[in-house]
Amino acid sequence: MVFPTDFLWGAATAAFQVEGSTTADGRTDSIWDVFCRVPGNVVGGDTGEPAADHYRRVEQDVALMVDLGLRAYRFSIAWPRVRPDGGAVNQAGLDFYSRLVDTLLANGITPWPTLYHWDLPQALEEKGGWANRDTAYRFAEYAESVVGALGDRVSSWTTLNEPWCSSFLGYAAGVHAPGRQEPEAAVAAVHHLLLGHGLATRAIRAAQPTAQVGITLNLYPVFPADPANPADVDAARRLDGMQNRIFLDPVLRGTYPADVLDDLAPYGISDHVREGDLDVISTPLDMLGVNYYSEHNVAVRPEVEVHPTRNGRLQKGSPWIGLDKLTFPSRGLPRTDMDWEVQPAGLTAVLLRLHSEYPRLPLYITENGAAYPDVLGADGTVGDSDRVTFIEGHLRAAHDAIQEGVDLRGYFCWSLMDNFEWAEGYAKRFGIVHVDYDTQVRTPKMSAMWYANVVRENALNAPDGS
Ligand code: FCB
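We now turn to the structure provided with this report. These figures come from a predicted structure and were not determined experimentally.

1. A short note on the environment of R81
Next up, step 1: Among the secondary structure elements, R81 is positioned in helix 4 (residues 79-82).
Next up, step 2: Overall, the relative accessible area of 1% leaves R81 in the buried class.
Next up, step 3: Residues R81 and G93, spaced 12 residues apart in sequence, show a C-alpha to C-alpha distance of 4.6 Å.
Next up, step 4: With near-sequence residues (within four places) excluded, R81 lies in contact with E19, G20, S21, A24, R27, Y55, N90, G93 and Y97.
Next up, step 5: A polar contact is formed between the side chain of R81 and the backbone oxygen of G20, at a distance of 2.9 Å.

Now the structure itself:
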């Protein structure tokens with residue numbers, strides 16, 4: 001299974017998950033620093049320190065990417081380093097990313113930065129966060145300062161990572177920072193994140209007309225558990241609306257889906273939409289980033305008493321605004337350490353849907369991967385064959401989509417290395433490289449060697465191994 005020439009092979013991380021050094025060189029608190037301090041919010045009381053100490057080990061980490069033969073590195077830029085407290089530009093913060101970009105380029109690795117991977121300056125949250133329209137304008141200003149500093153060397157920009165998590169997990173479920181459980185604020189956040197995306201896209205284009213600009217969404221196929229049950233079918237429609245179409249339609253078609261506006265009308269979504277906003281939000285893009293992990297198989301069952309959330313463990317509210325009695329019946333599929341079902345065919349489905357239902361854009365898989373309870377053996381190796389199986393299955397699924405005509409241009413595995421997995425803390429390991437958090441020693445897992453081989457060959461072996 002050969003991939004297209006120039007297929008971009010990479011690995012991804014995000015600032016708060018790997019950097020550590022949360023008070024270095026003028027950085028101030030993000031909403032995640034503050035969220036982590038509240039007992040019970042993060043498993044084990046884990047925080048953004050030490051993470052993988054990437055801030056101080058960045059040269060070593062780029063050397064690791066070189067060893068693995070990676071062609072691109074997807075990382076995110078920390079807003080509170082570049083504009084502490086959301087205020088004036090901090091040159092020292094920009095310098096870190098400038099050095100990272102230079103080191104990548106010197107090693108022939110394409111830098112693939114994301115401007116926002118969830119670390120809003122806490123000072124802006126105190127003014128209302130993403131529920132406040134003004135945050136969208138602050139985001140565009142921040143984007144402009146980053147592009148001004150790096151635009152001479154970076155050619156591909158991603159505005160937001162997974163605005164679904166920022167809005168629904170952060171402001172409705174309360175399981176992500178800022179930990180609010182206010183559905184009205186969540187729908188306001190959706191619109192203001194999208195507005196921020198559009199304003200930032202325009203700011204990037206104005207500063208760097210040749211830039212490639214995109215957004216990364218976490219997309220899921222959604223199925224009714226019982227297609228003959230109207231309640232399940234309607235729940236699937238609503239979930240698809242809140243998970244996928246509420247972001248895809250405004251960005252790619254310039255409208256919110258009518259059924260989603262109806263579903264969310266009791267929470268005041270339309271109150272936030274001003275004249276001209278959708279033009280800004282639908283500013284044409286050059287690419288779309290797809291993060292894919294699993295599918296949603298949904299059912300409405302009267303006996304369900306609580307709203308399920310990501311893992312059951314950190315149940316606070318539900319991200320599924322307006323849906324009662326929702327559950328996700330098991331289909332007997334294998335599961336990862338996050339308890340997420342493994343379903344590679346869902347990736348093909350997501351890519352084909354984008355290809356057939358939306359204006360076509362070059363697509364990149366900007367995240368895909370799995371947590372497993374890896375063990376560093378006495379012989380110093382990590383035999384994560386389950387992760388190899390996961391990634392291989394999803395690469396086959398991606399290849400299937402390419403065969404069907406999908407313009408898929410790259411794949412970034414999540415993650416380059418073990419890191420701070422948000423509310424799950426350090427307990428969940430997603431890396432193809434193992435990190436010992438006491439010593440910060442990095443050990444490429446079996447999956448890293450396997451992936452390096454795929455990248456080198458630009459191909460997967462046939463199932464019979466030939
Ligand atoms: C995605 C996030 C990423 C990582 C993976 C497992 O939702 O974008 O930071 O946590 O999930």
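Picking up after the structure, the text goes on.
2. Notes on the pairing of strand 11 (residues 408-414)
Next up, step 1: The buried count for strand 11 comes to six of seven residues, which makes it a mostly enclosed element.
Next up, step 2: Sheet analysis places strand 1 (residues 8-12) next to strand 11, joined by five bridges and oriented parallel. Bridge assignment links L8 to a residue of strand 11, and that residue is G410.
Next up, step 3: For strand 10 (residues 363-367) and strand 11, the ladder comprises three bridges, and the chain directions are parallel. In the strand pairing of strand 11, Y364 is matched with G410.
Next up, step 4: Chirality of the crossover, the property in question, places the unit of strand 10, helix 14 (residues 385-403) and strand 11 among those that are right-handed.

3. Notes on the packing of helix 7 (residues 134-150) against helix 9 (residues 183-207)
Next up, step 1: Contact geometry for helix 7 and helix 9: axes closest at 8 Å, N-to-C directions at 30°. Looking at the two axes, helix 7 sits roughly parallel to helix 9. The hand of the helix 7/helix 9 crossing is right-handed. Packed against helix 7, whose contacting residues are A136, Y137, F139, A140, A143, E144 and V147, the element helix 9 presents H192, L195, G196, H197, L199, A200, A203, I204 and A207 at the interface.
Next up, step 2: For the contact of helix 7 with helix 9, the residue count by class is 12 nonpolar, three polar and one charged.

4. Some words on helix 13 (residues 345-357)
Because an α-helix completes one turn every 3.6 residues, residues spaced three or four positions apart along the sequence face the same direction.
Next up, step 1: Compared with the 18 Å implied by 1.5 Å per residue over 13 residues, the 18 Å span of helix 13 between its first and last C-alpha is a close match.
Next up, step 2: Those residues of helix 13 that sit buried are G346, L347, T348, V350, L351, R353, L354 and H355.
Next up, step 3: The elements touched by buried residues of helix 13 are helix 10 (230-253), strand 7 (287-291), strand 10, helix 14 and strand 11.

5. Description of unusual backbone geometry
Next up, step 1: For the bond running from A177 to P178, omega is 10°, close enough to zero to count as cis.
Next up, step 2: Mapping P178 onto the fold places it in the loop between helix 8 (163-173) and helix 9.
Next up, step 3: In this structure, the amide linkage connecting W414 to the following residue, S415, adopts the cis form with an omega of 10°.
Next up, step 4: Structurally, S415 can be placed in the loop between strand 11 and strand 12 (433-435).
Next up, step 5: Of note in this structure, D339 is not a glycine but carries a positive phi near 75°.
Next up, step 6: Within the secondary structure layout, D339 lies in the loop between strand 9 (326-327) and helix 13.
Next up, step 7: Taking relative accessible area as the criterion, D339 reaches 41% and is therefore assigned partly exposed.
Next up, step 8: Not every positive phi belongs to a glycine, and Q440 is a case in point at roughly 60°.
Next up, step 9: Among the secondary structure elements, Q440 is positioned in the loop between strand 12 and strand 13 (442-444).

6. Observations regarding the packing of aromatic side chains
The geometry of an aromatic ring pair comes down to the distance between the two centres and the angle between the two planes.
Next up, step 1: Taken as a whole and assessed by the stated rule, the structure comprises 34 aromatic pairs.
Next up, step 2: For the ring pair W32 and F420, a centre distance of 6.2 Å and an interplane angle of 80° mean the geometry is edge-to-face. Separated by 388 residues along the polypeptide, W32 in helix 2 (residues 31-36) and F420 in the loop between strand 11 and strand 12 bring together distant segments of the chain.
Next up, step 3: The buried category is assigned to W32, whose relative accessible area is 1%.
Next up, step 4: For the ring pair F96 and Y97, a centre distance of 4.8 Å and an interplane angle of 75° mean the geometry is edge-to-face. Both residues of the pair, F96 and Y97, belong to the buried class.

Rules of the game
- Residues numbered from 1 in each chain as written.
- Predicted model: local features only at pLDDT ≥ 70, side-chain atom pairs only at ≥ 80, totals over all residues.
- Heavy atoms only, no water.
- Helix = DSSP H or I, 4+ residues; strand = E, 2+ residues; numbered from the N terminus.
- Buried < 20%, exposed > 50% of the residue type's maximum accessible area, 1.4 Å probe, protein only.
- Contact = heavy atoms within 4.5 Å.
- Polar contact = N/O pair within 3.5 Å; in protein donor to acceptor, adjacent residues only side chain to side chain.
- Pairing = 2+ DSSP bridges.
- Right-handed = clockwise from strand over helix to strand, strands pointing away.
- Axes fitted to C-alpha atoms, helices over the stretch in contact; angles between N-to-C directions.
- Parallel < 35°, antiparallel > 145°, perpendicular 65-115°, else oblique.
- Left-handed = near helix turned anticlockwise from the far one by under 90°.
- Nonpolar A, V, L, I, M, F, W, Y, C, P; charged D, E, K, R; others polar.
- Expected span 1.5 Å × (residues − 1).
- Phe/Tyr/Trp six-rings, centres within 6.5 Å; stacked < 30°, edge-to-face > 60°.

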